[in-house]
Amino acid sequence: MNHPMITQIERTGSPYSAKREDWGTDGLNNDVYSGDEIIEFDEEIYLVEELSLDAIEILERHGGIHKIVK
């Protein structure tokens, strides 16, 4: 299991960045930050970088919409 600080450093390049604000969590309980790419599907969001290519394709085929968190 990854430590949250290590995960944030891997994703943002630093333990804290004022430019990347904590936005919330996705449907799989992943932390979502401003600037992240998500797929919105059935009133839920999913962090693209945590999804397999198959999962992304399935969500897209069923109407999932790509967005960048502001």
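Criteria and cut-off values
- Residues numbered from 1 in each chain as written.
- Predicted model: local features only at pLDDT ≥ 70, side-chain atom pairs only at ≥ 80, totals over all residues.
- Heavy atoms only, no water.
- Core = buried A, V, L, I, M, F, W, Y, C linked by side-chain atoms within 4.5 Å.
- Buried < 20%, exposed > 50% of the residue type's maximum accessible area, 1.4 Å probe, protein only.
- Contact = heavy atoms within 4.5 Å.
- Helix = DSSP H or I, 4+ residues; strand = E, 2+ residues; numbered from the N terminus.
- Pairing = 2+ DSSP bridges.
- Axes fitted to C-alpha atoms, helices over the stretch in contact; angles between N-to-C directions.
- Salt bridge = Lys/Arg side-chain N within 4 Å of Asp/Glu carboxyl O.

It is worth spelling out the nonpolar core at this point. Counting residues in hydrophobic clusters, the biggest one holds six residues: I39, Y46, V48, L51, I56 and L59. In this view, I56 contacts I39, V48, L51 and H66; residues no more than four positions away in its chain are not counted. V32, I38, I45 and V69 belong to the second-largest nonpolar core, a separate cluster that totals five residues.

Right, let's talk about the side chain of N30 for a bit. Note on placement: N30 falls in the loop between strand 1 (22-25) and strand 2 (31-33). Setting aside anything within four residues of it in sequence, one finds N30 in contact with G24, T25, L47 and E50.

Attention now moves to the sheet that holds strand 4 (residues 44-47). Two modes of strand pairing occur in sheets, parallel and antiparallel, and in both the strands are linked by backbone hydrogen bonds. Spatially, the three strands line up as an open sheet ordered 4-3-5, and their pairing is antiparallel. Only two strands of the sheet have a single partner each, and these edge strands are strand 4 and strand 5 (65-68). For this sheet, the mean angle separating the axes of adjacent strands, direction not counted, is 35°. Judged from the four bridges that link them, strand 3 (residues 37-41) and strand 5 form a sheet pairing that is antiparallel. Across the sheet, residue I39 finds its bridge partner in strand 5, namely H66. With respect to the sheet, helix 2 (residues 53-61) is in contact with strand 3, strand 4 and strand 5, its orientation differing from that of strand 3 by roughly 45°.

For the structure on display, the rule yields two salt bridges. Between K67 and E40 there is a salt bridge whose closest N-O contact spans 2.6 Å. With a gap of 27 residues between them, K67 in strand 5 and E40 in strand 3 connect regions that are remote in the sequence. Residue classification places E40 among the partly exposed positions, given a relative accessible area of 30%. R61 serves as the salt-bridge partner of E57, at 2.7 Å between the closest nitrogen and oxygen. Note that E57 and R61 are positioned in helix 2 at a spacing of four residues, about one turn of the helix.

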